[in-house]
Amino acid sequence: MSTENLPQSPEQPPRKPRVAVVFGGRSSEHGISVVTAGAVLKAIDRTKYDVLPIGITQDGRWALTADEPERMAIVDRRQPSVDLLAESDGGGVILPVDPANREVVYSEPGSVPKALGEVDVVFPVLHGPYGEDGTLQGLLELSGVPYVGSGVLASAVGQDKEYMKRVFTSFGLKVGPYLVIRPREWQRDEPAARKKIVDFAGEHGWPLFVKPARAGSSIGITKVDDLSGLDEAIAEAQRHDPKILVEAALRGREIECGVLEFEDGPRASAPAEIPSPEDHAYYDFEAKYIDSTPGIVPAPLTPEETAQVQRLAVDAFEATSCEGLVRADFFLTEDGEFVINEINTMPGFTPISMYPKMWEASGVSYPELVDRLVQAALRRSTGLR
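Notes on the structure follow. (Residues numbered from 1 in each chain as written. Predicted model: local features only at pLDDT ≥ 70, side-chain atom pairs only at ≥ 80, totals over all residues. Heavy atoms only, no water.)

**Quick word on the overall build of the protein**
Piece 1. A tally of regular secondary structure across the protein gives 12 helices and 16 strands.
Piece 2. Relative to a compact globule of 385 residues, whose C-alpha radius of gyration would be 21 Å, the protein shows 22 Å and is just as compact.
Piece 3. Its C-alpha atoms give the protein principal-axis dimensions of about 95 × 55 × 45 Å.
Piece 4. Relative to its full complement of 385 residues, the protein shows a buried share of 54%.
Piece 5. The long-range fraction of contacts in the protein, counting pairs at least 24 apart against all pairs at least 6 apart in sequence, stands at 66%.
Piece 6. When the accessible surface of the protein is split by element, carbon and sulfur atoms take 50% of a total near 17,700 Å². (Helix = DSSP H or I, 4+ residues; strand = E, 2+ residues; numbered from the N terminus. Rg over C-alpha atoms; globule rule 2.2 N^0.38 Å. Buried < 20%, exposed > 50% of the residue type's maximum accessible area, 1.4 Å probe, protein only. Contact = heavy atoms within 4.5 Å. Areas by Shrake-Rupley, 256 points an atom, 1.4 Å probe, with all protein chains shown as cover.)

This is the structure in structure tokens:
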């Protein structure tokens, strides 16, 4: 029998890529990660992608959360949290560990696990340890799920400021004077470790910046003007990380530059300048996120300085084998030299953050920025590359 004249069933439209936005986490940057997730959820093109918000609580539970970006904002100087957004107190989201299966499952005690469907790409907007440092990236590599941003090695190097600086130096990028105190040094001989810091101050002068070696968002950092504030600064840094970094103060202008992965490779944004905040000792957490000290975009640099910092930002991206995005932070010293301070492999991504502002000044809107990052992740495979 001929089927030529039988009605044909309409073709099913292709399924939209499913993006899991993973946020929160166990680090001290939990709240800022939630704010970032709210901005991404608001900006992502729902006609182009299906979206699954997954929050990680501060005790490490993966929770199914409401898709309500308006609840993910700083209100009255209070940061949001995943615990307030979770749809239940006990349920957990489980990612697959089989690369042949990308189906996410939700499980509650005493209930039959519920399939949430396949995930095509993860957008991890976690900041700090247990998320930005290669740990989550390793899990996603095992699962075979593509993800936004850098891989395991680059994420780990980008989180650990000591090894970041070592890599920069090996690739010929100039860094400022610094000192590292590891946990075993402190435990073995605390007076000797403290003397190393005092001797460092004697060589490079005060003030010093004492900071956790593996944290971000300026959390746990103290500007120390003299010996009397040193012990308190060390204790504050160690509250966030047993490994601490001590940096000499560099006199100059703070310049930032974004790097974004395009189809033809990484490109640098228009740079920004961070002016010294009037009511803060330096550009600390409060100045960044609570009082929203504005940066100057584009930075008032000469064309030669702009080209140089853009080149150095891409060099830093390549030196650490980064993917997707990076914000590179520099000092332009009084003698006209750019000194790299650090990179962030998942920089602050709130609407007031400098990374999206620099790209907006470069002609890439926030929604387009989110789209480009997702598309870059979908183009890449997991595994060695």
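**Let's talk about the packing of helix α4 (residues 152-159) against helix α5 (residues 161-170)**
Piece 1. Across the interface, α4 lies against α5 with an axial gap of 5 Å and an inter-helix angle of 105 degrees. Considered as vectors, α4 and α5 are oriented roughly perpendicular to each other. Touching V157, G158 and Q159 of α4 are K161, Y163, M164 and V167, all from α5.
Piece 2. Per-class residue counts for the contact of α4 with α5 are four nonpolar, two polar and one charged. (Axes fitted to C-alpha atoms, helices over the stretch in contact; angles between N-to-C directions. Parallel < 35°, antiparallel > 145°, perpendicular 65-115°, else oblique. Nonpolar A, V, L, I, M, F, W, Y, C, P; charged D, E, K, R; others polar.)

**Considerations on the side chain of D241**
Piece 1. Residue position: D241 is located in the loop between α8 (230-238) and β11 (244-248).
Piece 2. A relative accessible area of 4% means that D241 is categorised as buried.
Piece 3. Polar contacts involving the side chain of D241 include one to the main-chain amide nitrogen of K243, which spans 3.0 Å.
Piece 4. Not counting the four nearest positions on each side in its chain, D241 is found in contact with P212, A213 and R214. (Polar contact = N/O pair within 3.5 Å; in protein donor to acceptor, adjacent residues only side chain to side chain.)

**Things to note about the pattern of salt bridges**
Piece 1. Within the structure shown, the criterion is met by 29 salt bridges.
Piece 2. Put simply, K48 and D371 hold a salt bridge, and the shortest N to O gap is 3.1 Å. Taken as a pair, K48 in the loop between α1 (30-43) and β2 (50-56) and D371 in helix α12 (residues 366-379) lie far apart in primary sequence, 323 residues in all.
Piece 3. Note on D371: relative accessible area 19%, which makes it buried.
Piece 4. The partner of D160 in a salt bridge is K243, and the shortest N-O contact between them spans 3.0 Å. Taken together, the residues span a long stretch of sequence, with D160 in the loop between α4 and α5 and K243 in the loop between α8 and β11 at a distance of 83 residues.
Piece 5. A relative accessible area of 5% means that K243 is categorised as buried.
Piece 6. Among the charged side chains, a salt-bridge network with shared partners connects E141, E261, E323, R380 and R385. (Salt bridge = Lys/Arg side-chain N within 4 Å of Asp/Glu carboxyl O.)

**Focus: α12**
Piece 1. Under the 1.5 Å per step criterion, the end-to-end length of α12 is 20 Å for 14 residues, consistent within 8% with the ideal 20 Å.
Piece 2. Buried within α12 are the following residues: Y366, L369, V370, D371, L373, V374, A376 and A377. (Expected span 1.5 Å × (residues − 1).)

**Quick look at unusual backbone geometry**
Piece 1. Following W206, the chain continues into P207 via a peptide bond in cis, with omega recorded as 0 degrees.
Piece 2. If you trace the backbone, P207 turns up in the loop between α7 (190-204) and β9 (208-212).
Piece 3. With an omega dihedral of -5 degrees, the bond running from V297 to P298 counts as a cis peptide bond.
Piece 4. Inspection of the secondary structure assignment puts P298 in the loop between α9 (285-290) and α10 (303-319).
Piece 5. At Y130, a residue that is not glycine, the phi angle is positive and equals roughly 65 degrees.
Piece 6. Relative to the assigned elements, Y130 resides in the loop between β7 (121-124) and α3 (135-143).

**With respect to the pairing of strand β5 (residues 103-107)**
Piece 1. Alternating residues of β5 divide into V104 and Y106, all buried, and E103, V105 and S107, none buried.
Piece 2. Note that strand β4 (residues 92-94) and β5 share three bridges and pair antiparallel. Across the sheet, residue I94 finds its bridge partner in β5, namely V105.
Piece 3. With four bridges joining them, β5 and strand β6 (residues 114-118) adopt antiparallel strand pairing. Residue pairing for β6: V104 is matched across the bridge by G117.
Piece 4. With antiparallel pairing between neighbouring strands as the criterion, β5 and β6 make up a hairpin whose turn holds six residues, including G110 at a positive phi of roughly 80 degrees. (Pairing = 2+ DSSP bridges.)

**Let's talk about the sheet that holds β6**
Backbone hydrogen bonds are what pair the strands of a sheet, in a parallel or an antiparallel way.
Piece 1. If you walk across this open sheet you meet the three strands as β4-β5-β6, and the pairing is antiparallel. Only two strands of the sheet have a single partner each, and these edge strands are β4 and β6. Direction aside, the axes of adjacent strands within the sheet are offset by 25 degrees on average.

**Things to note about the environment of P124**
Piece 1. Along the chain, the position of P124 falls in strand β7.
Piece 2. The exposure class of P124 is buried, given its relative accessible area of 4%.
Piece 3. In sequence terms P124 and G149 are 25 residues apart; their C-alpha atoms lie 8.0 Å from each other.
Piece 4. P124 has contacts with V22, L136, Y147, V148 and M346, leaving out every residue within four places of it along the chain.

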